[in-house]
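Take a look at the letters that make up each chain.
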Amino acid sequence: MSLFLFVHGASWAVDRRIEENADVRSSRRDRQIQVLLFTSADGEVRRSEIAENFPEEPTARLLESVWKYAEVIHAGDPGEMTSRGEMVVPGLRDVLRAFSRALLLRCPNCGGPKVIRRWFALEPCCAKCGLQLDRGEMDDNVIGGMYFNIVLAELLFAAVLLIVVIAMWPHVPWAGVEYSLIAAMIIAPIIFYPASRLMWLALDLLLRPPDATEMESYANAAKSARKSTRQSV
Ligand SMILES: [Zn+2]
């Protein structure tokens, strides 16, 4: 696994070399590129030693904090969380595919339709691939959705303002622009709500793709739900 971090224009690579049987600790400056390698005998990256081994590198402390955060997210008690896949760095094509599916109000995982129950509520699961659309993390999904909601509304704000100012300069009707943008900023979060929820799901799926165990758990949950419905009828 390689993790690349870009900090203040410098490229950092943390490389996990499982095949090596000894500690490899090196830091070298190669023009603009700084490379750090951290491995231990058992192949695990030693997060706690990053800053210790490179006290002269201020960014090493930052790297350590980022690493620690990722570790906490990955290893922490996830509560109701059902997804346990490894974090990955997605490719550009995957990013574009997942986000365009979300914007078209389709399942970011498989592109299946019918993932919206009502404008403010997703279906519990995708009818096509069976993915639980909040992945067992309802609160995170709603909060993450809000983040994308704000981003989309702000982008709309900036784009409309820019277009109007450029098109009408120097006779920009500022009062009209102000009132229309206020109205747009009230309406936009409502319009973007379902897409925002799905965009957060897209990001989540890109960084933590569902593994077979996770998909199996959804299939089993759906099966037992069907069974209990049949029994109650
Ligand atoms: Zn799906």
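Reading guide: rules and limits
- Residues numbered from 1 in each chain as written.
- Predicted model: local features only at pLDDT ≥ 70, side-chain atom pairs only at ≥ 80, totals over all residues.
- Heavy atoms only, no water.
- Helix = DSSP H or I, 4+ residues; strand = E, 2+ residues; numbered from the N terminus.
- Expected span 1.5 Å × (residues − 1).
- Buried < 20%, exposed > 50% of the residue type's maximum accessible area, 1.4 Å probe, protein only.
- Arc of directions from axis to C-beta.
- Contact = heavy atoms within 4.5 Å.
- Donors = N, O, S within 2.8 Å, 3.2 Å for Na, K, Ca; no water.
- Tetrahedral: all angles 85-135°; square planar, octahedral: opposite > 155°, others 65-115°.
- Phe/Tyr/Trp six-rings, centres within 6.5 Å; stacked < 30°, edge-to-face > 60°.
- Patch = residues over 30% accessible without salt bridge, like charges linked within 9 Å, V, L, I, M, F, W, Y side chains within 5 Å.
- Areas by Shrake-Rupley, 256 points an atom, 1.4 Å probe, with all protein chains shown as cover.
- Salt bridge = Lys/Arg side-chain N within 4 Å of Asp/Glu carboxyl O.
- 1 Å grid on protein atoms, 1.4 Å probe; cavity = no way out; pocket = protein on both sides within 12 Å on 5 of 7 lines; lining within 4 Å.
- Points joined across faces, edges and corners; volume = space filled by probe spheres on them.
- Nonpolar A, V, L, I, M, F, W, Y, C, P; charged D, E, K, R; others polar.

1. As for helix 3 (residues 92–103)
Thought 1: Here helix 3 spans 16 Å end to end across twelve residues, near enough to the 16 Å set by a 1.5 Å rise per residue.
Thought 2: Listed in full, the buried residues belonging to helix 3 are Ala98, Phe99, Arg101 and Ala102. An end-on view of helix 3 places all buried positions within 155 degrees of arc, on one side of the element. When the buried face of helix 3 is taken as reference, the exposed residues oriented beyond 90 degrees from it are Leu92, Arg93 and Leu96.
Thought 3: Contact partners of the buried residues in helix 3: helix 4 (138–168) and helix 6 (193–207).

2. Details of the coordination of the zinc ion
Thought 1: Protein coordination of the zinc ion is provided by Cys107 (SG), Cys110 (SG), Cys126 (SG) and Cys129 (SG), with donor distances spanning 2.2 to 2.3 Å.
Thought 2: Coordination at the zinc ion is tetrahedral, judged from the four donor atoms that bind it and the angles of 102 to 116 degrees they form at the metal.
Thought 3: Mapping the donors of the zinc ion onto the primary sequence yields the spacing C-x2-C-x15-C-x2-C. Of this pair, Cys107 sits in the loop between helix 3 and strand 5 (116–118) while Cys129 sits in the loop between strand 6 (121–122) and helix 4, and the two are 22 residues apart along the sequence.
Thought 4: When its relative accessible area of 0% is taken as the criterion, Cys107 is described as buried.
Thought 5: Here Cys129 falls in the partly exposed class, since its relative accessible area comes to 24%.

3. Topic: the packing of aromatic side chains
Thought 1: Applying the stated criterion across every chain yields a total of four aromatic pairs.
Thought 2: Centroid distance Tyr147 to Phe148: 5.3 Å. Interplanar angle 75 degrees. Geometry classified as edge-to-face.
Thought 3: A relative accessible area of 48% places Tyr147 in the partly exposed class.
Thought 4: Taken together, the ring pairs in this structure connect Phe99, Tyr147, Phe148 and Trp200 into an aromatic cluster.

4. Considerations on a nonpolar patch on the surface
Thought 1: Taken together, the side chains of Trp119, Phe120, Tyr179, Ile182, Ile186, Ile187, Ile190 and Ile191 make up a nonpolar region of the molecular surface, amounting to roughly 850 Å² of accessible area.
Thought 2: Position of Trp119 relative to the elements: it lies in the loop between strand 5 and strand 6.
Thought 3: With a relative accessible area of 39%, Trp119 lands in the partly exposed category.

5. A few points about the layout of surface pockets
Thought 1: Roughly 200 Å³ of volume is contained in the second largest pocket.
Thought 2: In terms of lining residues, the second largest pocket is bounded by 14 residues, among which Cys125, Cys126, Ala127, Gly130 and Ala222 are the most central.
Thought 3: Take the lining of the second largest pocket: its biggest share by element is five residues, from helix 7 (residues 212–232).
Thought 4: Tallied by class, residues from the lining of the second largest pocket come to nine nonpolar, one polar and four charged.

6. What about unusual backbone geometry?
Thought 1: At the junction of Trp169 and Pro170, the peptide bond is cis and its omega measures out at 5 degrees in the coordinates.
Thought 2: Within the secondary structure, Pro170 sits in the loop between helix 4 and helix 5 (174–191).
Thought 3: Notably, Lys114 is not glycine yet its phi reads approximately 60 degrees, a positive angle.
Thought 4: Within the secondary structure, Lys114 is located in the loop between helix 3 and strand 5.
Thought 5: Residue Lys114 is classed as exposed on the basis of its relative accessible area of 67%.
Thought 6: Residues other than glycine seldom take positive phi values, yet Arg135 does so here, at roughly 50 degrees.
Thought 7: Arg135 sits in the buried class, given a relative accessible area of 0%.

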